[in-house]
Amino acid sequence: MKINFNDSKKNLVRFTFKDDFSNEFFDGSIGEVFPDLNDNLIYLGLGEKENFDREIFKEAVYKLGRFFLNKEITEISFDDNQLGLDKEDYIYNIVNSLILAGYNFDYYKSEKTKYNIENINLPASFNSYEKNMEELVKVIDAQSFARDLVNLRSNDIYPETLANKAKEELSKYGVDVKIYEEDQIRQMGLTAFLQVAKGSDNKPRFIVMEYLKANDDQKPLVFVGKGLTYDSGGYSIKSSDGMKEMNSDMGGSATVIGALKAIASNNLKVNVVGIVAACENSISGRAYKPGDVIKARNGMTIEVDNTDAEGRITLADAVNYGVTEYKPQMIIDLATLTGAVLVALGETYTGAITNNQEAMDEVLKAAKETDEKIWQLPNDNFLRKYNNSEVADIKNSGGRLAGSITAGQFVGAFIEDYPWVHLDIAGTAYLSKAQGPYQEGATGVQVKTLYQLAKNKAE
Ligand code: BES
Ligand code: MN
Ligand code: ZN
């Protein structure tokens, strides 16, 4: 996609409120499109003037983009009629919504969807935003890469292929990607992770992605992503309905890989490390079982109350590796961790907990700047007790009550004292139906937040 600043009038979009203009095909409803190609104009409906705001603007422009699917038009233009929006809001949402509208996951379809828009023309007087828009295009590209990883199914994305794809893509931008196999993972002491992985014939991979482009004295940001390339539940097996979409259970790892791509392709001067413990939660004669007591990398023992609470076990070792090896200024883990977060916050808000309010505030700020929604939940001491075990140091399920909080707190038990933010993206990473500028399926949520956080920290 090319963003030009040139005052072109080619296929000029004419924003239209209800009553401004109508005909038998068009009445100005939100997102309605009427192309008047003789006049080189495209009418785009914005609904009632008095209800108009930036959310409606985003939606309308997204629908404009969807209108161009499988059409020949390659170029569209906007004038400086900002509709009362901030300049930056205006062009950010035009570019963001139009590019996101062109994302279609048709990898498995014989017939591909075409999105032929190649040029977005903006007013020449806005050209001070040229660099920002080039940056945004790259970030969305990275976000789309993350979406593809999540949308692909578990017969195509398993630990080996996830690791290889990350390496292939990130190496292009100077990220050093190390892939560890089972024997090495054992030597590195990631014993709890291996317990989750051992039921599957698809062997685990531990992926460490280093992008160290700031001075040595800048402590790194560490991003850890849950990488369950499939979650059957194990012996605490899921229902067929609950299982079906569990190819998306590596959404956290896709976000981390996508964020590294966004950061590296924009050459940010920052130290970032991405970590993914990739495996499948399967059933076999070798699988771990409910009631087992296993040992984590940091020496703690874990009672396996439920084999379907597997993500937090893999994260326990992954975050512990992250803090002991890298001594980060901040560690963020991202995980499709609990069904409970869907009950609490739907598919709209990512749930968060933290051990450090300053770190949390920096993440919330980055999320706000990139228009991604995060809601902080309390990291409450009483609730933490739900994870207490009779036989071991901790158990992997605190039960139904406050399920998203106790899941996060389990991960927090392996962080030592490092500033930590936990993001539960089980609701936001994968949509059951279209929402905002996203079709159903993977969103690549929080790629932009992590990018923005890294940018705010860059030299
Ligand atoms: N991967 C699931 C969480 C999930 C559920 C993600 C729905 C996306 C959509 C996770 O591993 C899981 O199974 N969690 C259990 C935990 C419970 C057994 C304590 C859950 O949420 O039911
Ligand atoms: Mn599970
Ligand atoms: Zn899971």
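Fair warning: this is a prediction, and the values are worked out from it, not measured in the lab.

Conventions used here
Residues numbered from 1 in each chain as written. Chains lettered and ligands numbered in written order. Predicted model: local features only at pLDDT ≥ 70, side-chain atom pairs only at ≥ 80, totals over all residues. Heavy atoms only, no water. Near = heavy atom within 4 Å. Polar contact = N/O pair within 3.5 Å; in protein donor to acceptor, adjacent residues only side chain to side chain. Areas by Shrake-Rupley, 256 points an atom, 1.4 Å probe, with all protein chains shown as cover. 1 Å grid on protein atoms, 1.4 Å probe; cavity = no way out; pocket = protein on both sides within 12 Å on 5 of 7 lines; lining within 4 Å. Sits in = over half its atoms within 2 Å of the grid points. Nonpolar A, V, L, I, M, F, W, Y, C, P; charged D, E, K, R; others polar. Donors = N, O, S within 2.8 Å, 3.2 Å for Na, K, Ca; no water. Tetrahedral: all angles 85-135°; square planar, octahedral: opposite > 155°, others 65-115°. Salt bridge = Lys/Arg side-chain N within 4 Å of Asp/Glu carboxyl O. Buried < 20%, exposed > 50% of the residue type's maximum accessible area, 1.4 Å probe, protein only. Helix = DSSP H or I, 4+ residues; strand = E, 2+ residues; numbered from the N terminus. Contact = heavy atoms within 4.5 Å. Points joined across faces, edges and corners; volume = space filled by probe spheres on them. Domains from an automatic or database assignment. Buried area = accessible area lost by both parts, 1.4 Å probe. Axes fitted to C-alpha atoms, helices over the stretch in contact; angles between N-to-C directions. Parallel < 35°, antiparallel > 145°, perpendicular 65-115°, else oblique. Left-handed = near helix turned anticlockwise from the far one by under 90°. Pairing = 2+ DSSP bridges.

## A closer look at the site of ligand 1
Here is step 1 of the chain: Close contacts around ligand 1 come from 16 residues, with Lys238, Asp249, Asp308, Glu310 and Gly339 the closest.
Here is step 2 of the chain: Contact distances for ligand 1 include 2.9 Å between an oxygen atom and a side-chain N or O atom of Asp231.
Here is step 3 of the chain: Thr336 is positioned with one of its backbone polar atoms (N or O) 3.3 Å from a nitrogen atom of ligand 1.
Here is step 4 of the chain: When ligand 1 sits alone it has 520 Å² of accessible area, and the protein chains cover 77% of it.
Here is step 5 of the chain: Applying the majority rule of atoms within 2 Å of the grid points places ligand 1 in the largest pocket.
Here is step 6 of the chain: Looking at the shell around ligand 1 residue by residue, the class counts come to four nonpolar, five polar and seven charged.

## Some words on the coordination of the zinc ion (ligand 3)
Here is step 1 of the chain: At 2.0 to 2.4 Å from the zinc ion (ligand 3) lie its protein donor atoms, namely Lys226 (NZ), Asp231 (OD), Asp249 (OD) and Glu310 (OE).
Here is step 2 of the chain: Here the zinc ion (ligand 3) binds six donor atoms, and the angle range of 77 to 173 degrees at the metal identifies the geometry as octahedral.
Here is step 3 of the chain: Read in sequence order, the donor residues coordinating the zinc ion (ligand 3) give the pattern K-x4-D-x17-D-x60-E.
Here is step 4 of the chain: For the pair the zinc ion (ligand 3) and the manganese ion (ligand 2), the metal-to-metal distance amounts to 3.2 Å, and Asp231 bridges them.

## Structural notes on the coordination of the manganese ion (ligand 2)
Here is step 1 of the chain: Within the protein, the atoms that donate to the manganese ion (ligand 2) are Asp231 (OD), Asp308 (O), Asp308 (OD) and Glu310 (OE), at distances of 2.0 to 2.2 Å.
Here is step 2 of the chain: Taken together, the six donor atoms coordinating the manganese ion (ligand 2) span angles of 71 to 167 degrees at the metal, a pattern that classifies the geometry as irregular.

## Points about the pattern of salt bridges
Here is step 1 of the chain: Counted under the stated rule, the structure contains 23 salt bridges.
Here is step 2 of the chain: The closest approach of N and O atoms between Asp176 and Lys178, which form a salt bridge, is 3.3 Å.
Here is step 3 of the chain: Look at Asp176 and you get partly exposed, because its relative accessible area is 39%.
Here is step 4 of the chain: The shortest N-O distance in the salt bridge between Lys238 and Asp308 comes to 2.9 Å. You can see Lys238 sitting in the loop between strand E9 (221-231) and helix H7 (240-243) and its partner Asp308 sitting in the loop between strand E12 (301-303) and helix H9 (311-326), a full 70 residues away along the chain.

## Concerning the environment of Ala192
Here is step 1 of the chain: Structurally, Ala192 is set in helix H6 (residues 191-197).
Here is step 2 of the chain: Among the residues examined, Ala192 registers a relative accessible area of 0% and is labelled buried.
Here is step 3 of the chain: Spatially, the C-alpha atoms of Ala192 and Asp317 are 6.5 Å apart, while their sequence positions differ by 125 residues.
Here is step 4 of the chain: Residues contacting Ala192, with those up to four places away along its chain left out, are Ile294, Lys295, Ala296, Ile302, Ile313 and Asp317.

## Notes on the layout of surface pockets
Here is step 1 of the chain: Approximately 760 Å³ is the volume found for the largest pocket.
Here is step 2 of the chain: As for the largest pocket, its lining consists of 34 residues, of which Lys238, Leu337, Thr338, Gly339 and Ala340 are closest to the centre.
Here is step 3 of the chain: Those elements giving two or more residues to the lining of the largest pocket turn out to be E9, helix H10 (340-345), helix H13 (403-412) and strand E18 (430-431).
Here is step 4 of the chain: In terms of residue class, the lining of the largest pocket is made up of twelve nonpolar, twelve polar and ten charged.
Here is step 5 of the chain: Quantified by volume, the second largest pocket comes out at close to 640 Å³.
Here is step 6 of the chain: Breaking the lining of the second largest pocket down by element, the ones donating at least two residues are helix H1 (54-67), helix H2 (87-101), helix H3 (130-151), helix H11 (357-369) and helix H14 (447-457).
Here is step 7 of the chain: Examining the composition of the lining of the second largest pocket, we find that five residues originate from one element, H3, more than from any other.
Here is step 8 of the chain: For the lining of the second largest pocket, a count of residues per class yields nine nonpolar, three polar and 13 charged.
Here is step 9 of the chain: Built from parts of two domains, the lining of the second largest pocket gets at least three residues from each of domain 1 (2-122) and domain 2 (137-457).

## Re the domain arrangement of the chain
Here is step 1 of the chain: By domain assignment, the chain separates into domain 1 (2-122) and domain 2 (137-457).
Here is step 2 of the chain: For domain 1 and domain 2, the distance between their C-alpha centroids amounts to 35 Å.
Here is step 3 of the chain: Opposite the 16 residues of domain 1 that make contact, domain 2 presents 17 residues.
Here is step 4 of the chain: The junction of domain 1 with domain 2 conceals about 1500 Å² of combined surface from both sides, 56% of it contributed by carbon and sulfur atoms.
Here is step 5 of the chain: Along the contact surface separating domain 1 from domain 2 lie two salt bridges.
Here is step 6 of the chain: Taking the shortest distance from any N to any O, the salt bridge between Asp371 and Arg54 comes out at 3.8 Å.
Here is step 7 of the chain: If you list the elements that add at least two residues to the side of domain 1 that touches domain 2, you get H1 and H2.
Here is step 8 of the chain: Residue contributions to the side of domain 1 that touches domain 2 peak at six residues, all from H2.
Here is step 9 of the chain: Residues that form the side of domain 1 that touches domain 2 fall into these classes: ten nonpolar, three polar and three charged.

## Some details on the packing of helix H8 (residues 251-265) against H14
Here is step 1 of the chain: Two numbers describe how H8 lies on H14: the axes approach to 8 Å, and their chain directions differ by 45 degrees. With respect to their mutual orientation, H8 and H14 come out oblique. Relative to H14, the crossing made by H8 is right-handed. Contact with H8, carried on its side by Thr255, Gly258, Ala259, Ala262 and Ile263, involves Val447, Leu450, Tyr451 and Ala454 of H14 and no other residues of that element.

## So, the sheet that holds E12
Here is step 1 of the chain: Across the sheet, three strands lie side by side as E11-E12-E16; this open sheet has mixed pairing. Of all strands in the sheet, those with a lone pairing partner are strand E11 (293-295) and strand E16 (394-395), marking the two edges.
Here is step 2 of the chain: Pairing geometry for E12 and E16, over two bridges, is parallel. Bridge pairing in E16 places Glu303 opposite Lys395.

## Quick look at the sheet that holds strand E14 (residues 350-354)
In a beta sheet, neighbouring strands pair by backbone hydrogen bonds and run either parallel or antiparallel.
Here is step 1 of the chain: Strand order in the open sheet formed by eight strands is E7-E8-E10-E9-E13-E17-E14-E15, and the pairing between neighbours is mixed. Each having just a single partner strand, strand E7 (176-180) and strand E15 (374-376) make up the two edges of the open sheet. In this sheet, adjacent strand axes meet at a mean angle of 20 degrees when their direction is disregarded.
Here is step 2 of the chain: In this structure, E9 lies alongside strand E13 (residues 330-335), joined through five bridges in parallel fashion. The partner of Leu221 across the bridge, within E13, is Met330.
Here is step 3 of the chain: Here H8 sits on the sheet and contacts strand E8 (205-212), E9, strand E10 (271-281) and E13; the angle it forms with E9, its principal contact strand, is near 140 degrees.

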